[in-house]
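# Observations on the model geometry
Below are the chains, spelled out letter by letter.
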Amino acid sequence: MSDFWLIGILIAGIGLLLWLVLKLKIQAFIALLVTAVVLGLATGMTPAAIIDSITKGMGTTLGFVATVVGIGAIFGQMLESSGGAESLARYLTKKFGKKNAPYALAISGFLVAIPVFLDVGFIILVPVIYALARDTRKSLLYYAIPLLAGLAVTHAFIPPTPGPIAVAELLDADLGWVIFFGFIAGLPITFIAGPVFGKFISRRIHAPVPDNFEQATVSSSNKLPSFIQVISIIAIPLVLILANTATSAWAKAHQMEDHFWVEIVKFAGHPFIALLIATLLAIYFMGVRRGFTRETLLRLSGKALAPAGLIILVTGAGGVFKQILIDSQIGVALAEKMTGMAMPTILLAWLLAAIIRVTQGSATVAMITSAGLIAPMLETLRLTEPHKALVVIAIASGATILSHVNDSGFWLVGKYLGLNEKQTLQSWTVMETIIAITGGLLALGLSFLF
């Protein structure tokens, strides 16, 4: 079968996926599986081979992602339920002062979203925004956009949030490098899309504090966990994973991979163990020590796994999609065509993610689908670990672009900030697009240095 025909089948398959999701409103998990099976049949794979690809793709992907996302969800739930997220935001806002509160909120969002989902982090911290806007009589957007920028950047760029975890696994990218570039690119992007743009847009759109603000009560600050405790627990998995990456590189350069202490650091720095350590500490210090009963801890853990389950299944279906592309030889055909296009891999990854994001709305689906398309190409290109990590950042950036009416985040932000559709497009949508474009450019620029 010619490369031209294989790529034509792939284009038709992407069209089928979008039709299933947009027109028929079929859940992304089912839509990805159906598309993968159709692609396999269309390329001449036997039914037995398709079943083998589904089993292999689902199994190899979920063996890692399910564990990390599941543990990370419980970790985030403990931070949320204990008041840790609120504690962090209140501490930073107090230290920075009201004049620099947008920067404090941007940093708060950036840190909170490491273990907590974006929508949950926003809902938790909305009362802080309301209080600041009421006291200063500024537009809600002056404070909300910086917080949302911090939340959105980390949600897309930095593991253990599900998006970058899933993409890194599909691309076989080292999480240490992803975290490193997530911080390098993420912090400047957060300040540009957050405080800088927030100051600009708040002068043009005055969003008042909702009338029901008094009902949005928050915990008293003396009952919240300390800032040091919260930031220490958040930092544990990141530090351990980064230490694993650095130690592995050093050991390889000095041919000391089998050294006892190297093995210990690599074990503790594996995402499974790093997150497990952080989660157990969070359960003890933010749960047990704060009077949570065993029944409460069990209920919170179960609550955390409910939304994580959907992400895990969609990621598994993305693994199946990727495996079908590899086994059907579509991935090889794409790689051969791409090498003749003279288009950087990072740019292609960004474009694919952006197109899928704008079309169907979900950033997670856009990240997983585009990663599935790019993964077979990377196997033939033999990129370095830093370069693969930058492809993850590029995909995450592209999948953030132009959030509009087909994205649930669009409506969530509009509802809590009292914005109409036009105002939400002018604020939230533009902020997301700034993150996407700036992230793509930084990923492309960094690729020339690493």
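Quantities reported herein were computed from a predicted structural model and do not represent experimental measurements. Here, residues in each chain are numbered from 1, in the same order as that chain's written sequence. pLDDT decides what is reported in this predicted model: residues at 70 or higher carry local features, side-chain atom pairs at 80 or more are listed and counted, and totals for whole chains, interfaces and linings draw on all residues regardless. As a rule here, side-chain values come from all non-hydrogen atoms in the structure, and water together with hydrogens is ignored.

Note on conventions: DSSP H or I runs of at least 4 residues are helices, E runs of at least 2 residues are strands, and numbering of each starts at the N terminus. Along the chain, the regular secondary structure elements total 19 helices and zero strands. In terms of overall dimensions, the chain is globule-like: its C-alpha atoms have a radius of gyration of 22 Å, near the 22 Å expected for 450 residues. Projecting the C-alpha coordinates of the chain onto the three principal axes gives extents of approximately 65 × 55 × 45 Å. Looking at the chain as a whole, 55% of its 450 residues are labelled buried. In this analysis, two residues are considered to be in contact whenever any of their non-hydrogen atoms come within 4.5 Å of each other. Taking the contacts inside the chain whose residues are at least 6 apart along the sequence as the reference set, 83% of them involve residues at least 24 apart. Here the chain displays about 19,000 Å² of accessible surface, and carbon together with sulfur accounts for 66% of that area. Residues counted as positive are Lys and Arg, residues counted as negative are Asp and Glu, and His and the chain ends are not counted. In this description, the location of a charge corresponds to atom NZ of lysine, CZ of arginine, CG of aspartate or CD of glutamate. Seen as two clouds, the 29 positive and the 22 negative side-chain charges of the chain have centres 13 Å apart. Atoms considered for the radius of gyration are the C-alpha atoms alone. The globule rule reads 2.2 Å times the number of residues to the power 0.38. With a 1.4 Å probe rolled over the protein chains alone, any residue whose accessible area is under 20% of its type maximum counts as buried; one over 50% counts as exposed, and the rest are partly exposed. Each accessible area is a Shrake-Rupley result for a 1.4 Å probe, and residues are judged covered by the shown protein chains and nothing else.

Let's shift gears to the packing of helix H6 (residues 118-136) against helix H18 (residues 408-417). The interhelical angle for the contact between H6 and H18, taken along N-to-C directions, is 20 degrees, at an axis separation of 11 Å. It follows that H6 is roughly parallel to H18 by the angle criterion. Like other packed secondary-structure pairs, H6 and H18 cross with a definite hand, here right-handed. Taken together, the residues of H18 that come into contact with H6 (itself represented by Asp119, Phe122, Ile123, Val126 and Tyr130) are Leu412, Val413, Tyr416 and Leu417. Residues belonging to the contact of H6 with H18 are distributed by class as follows: eight nonpolar, no polar and one charged. Between N-to-C directions, angles span 0 to 180 degrees; the directions come from axes that are lines fitted to C-alpha atoms, helices contributing only their stretch in contact. Angles are sorted into four bins: roughly parallel if under 35 degrees, roughly antiparallel if over 145, roughly perpendicular if 65 to 115, and oblique for all others. Should the near helix be turned counterclockwise from the far one by less than a right angle, the crossing is left-handed, whereas a clockwise turn marks it as right-handed. Nonpolar residues are Ala, Val, Leu, Ile, Met, Phe, Trp, Tyr, Cys and Pro. Charged residues are Asp, Glu, Lys and Arg, and all others, Gly as well, are polar.

Further remarks concern the pattern of salt bridges. Salt bridges are counted wherever a side-chain nitrogen of Lys or Arg sits within 4 Å of a carboxyl oxygen of Asp or Glu. Following the criterion strictly, the structure yields six salt bridges and no others. In this structure, Glu86 and Arg90 form a salt bridge, with 3.0 Å as the shortest nitrogen-oxygen distance. In this pair, Glu86 and Arg90 are both assigned in helix H4 (residues 84-96), four residues apart and thus about one turn of the helix distant. Take Glu86: its relative accessible area is 6%, and that puts it in the buried class. In the salt-bridge network here, residues are joined through shared partners; they are Lys98, Arg134 and Asp135.

Right, let's talk about a nonpolar patch on the surface for a bit. There is a patch of nonpolar side chains on the surface, built from Phe180, Ile184, Leu242, Leu449 and Phe450 and spanning about 460 Å² of accessible area. Mapped onto the fold, Phe180 is located in helix H9 (residues 175-202). On the accessibility criterion, Phe180 (34% relative accessible area) is partly exposed. A patch consists of residues whose relative accessible area exceeds 30% and which take part in no salt bridge; residues with like charges are grouped when within 9 Å of each other, and nonpolar side chains (Val, Leu, Ile, Met, Phe, Trp, Tyr) when within 5 Å.

A few words on the packing of aromatic side chains. Each Phe, Tyr or Trp ring (for Trp, its six-membered ring) is paired with any other whose centre lies within 6.5 Å, and the angle between the two planes then decides the class: stacked below 30 degrees, edge-to-face above 60, tilted in between. Under the defined criterion, the tally for this structure stands at 16 aromatic pairs. Ring geometry for Phe180 against Phe181: centres 5.2 Å apart, planes inclined by 65 degrees, an arrangement best described as edge-to-face. Residue classification places Phe181 among the buried residues on the basis of a relative accessible area of 1%. Note on criteria: charge over ring means Lys NZ or Arg CZ within 6 Å of the ring centre, with the direction from the centre no more than 35 degrees off the ring normal. Above the plane of the ring of Tyr142 lies Lys138, whose end atom (NZ or CZ) is 4.7 Å from the centre.

Because an α-helix packs 3.6 residues into every turn, residues spaced three or four apart end up facing the same way. To estimate the expected span of a helix, subtract one from its residue number and multiply by 1.5 Å. Between its first and last C-alpha, helix H15 (residues 345-360) extends 23 Å over 16 residues, near the 22 Å set by a 1.5 Å rise per residue. Along H15, the positions that sit buried rather than exposed are Thr345, Ile346, Leu348, Ala349, Trp350, Leu352, Ala353, Ala354, Ile356, Arg357 and Gln360. One or two steps after H15, the chain reaches Gly361, where phi turns positive at roughly 100 degrees.

This next bit is on unusual backbone geometry. As a rule of thumb, non-glycine residues mostly have phi less than zero, and peptide bonds are mostly trans rather than cis. Residue Pro160 is bonded to the preceding Pro159 through a cis peptide linkage, with omega at 15 degrees. Examined against the element boundaries, Pro160 turns out to sit in the loop between helix H7 (140-157) and helix H8 (162-171). Positive phi, close to 60 degrees, is recorded for Lys25, a residue that is not glycine. Here Lys25 is to be found in the loop between helix H1 (3-23) and helix H2 (28-42).

Time to look at the nonpolar core. Remark: nonpolar core denotes a set of buried residues (Ala, Val, Leu, Ile, Met, Phe, Trp, Tyr, Cys) joined through side-chain atoms within 4.5 Å. In this structure, Phe122, Phe157, Leu171, Ile374, Ile395, Leu417 and Met431 are the most contacted members of the largest nonpolar core, which totals 150 residues. Counting residues per element, this core draws most heavily on H7, at 14 residues. In contact with Leu417, other than residues within four places in its own chain, are Phe122, Leu140, Leu141, Ala144, Leu148 and Ala207.

Our focus in this paragraph is the environment of Val413. Mapped onto the secondary structure, Val413 falls in helix H18. Judged by its relative accessible area of 2%, Val413 falls in the buried class. Each C-alpha atom of the pair Val413 and Lys388 lies 33 Å from the other, and the pair is 25 residues apart in sequence. The residues touching Val413, leaving out its near neighbours within four places in the chain, are Phe122, Leu148 and Trp428.

Once that is clear, we can look at the side chain of Thr61. The residue Thr61 is located in helix H3 (residues 47-81) in this model. Given the relative accessible area of 5%, Thr61 is considered buried. Residues contacting Thr61, with those up to four places away along its chain left out, are Glu169, Leu170, Thr315, Gly316 and Gly319.

Before going further, it helps to examine the side chain of Lys388. Within the secondary structure, Lys388 is located in helix H17 (residues 385-398). The class of Lys388 is buried, set by a relative accessible area of 11%. Two N or O atoms count as a polar contact when they lie within 3.5 Å, although within protein this holds only if one can serve as hydrogen donor and the other as acceptor, and sequence-adjacent residues are included solely when both atoms are side-chain atoms. One polar contact links the side chain of Lys388 to the main-chain carbonyl oxygen of Asp172, over a distance of 3.0 Å. Aside from chain neighbours lying at most four places away, what touches Lys388 is Leu171, Asp172, Ala173, Leu378 and Leu383.

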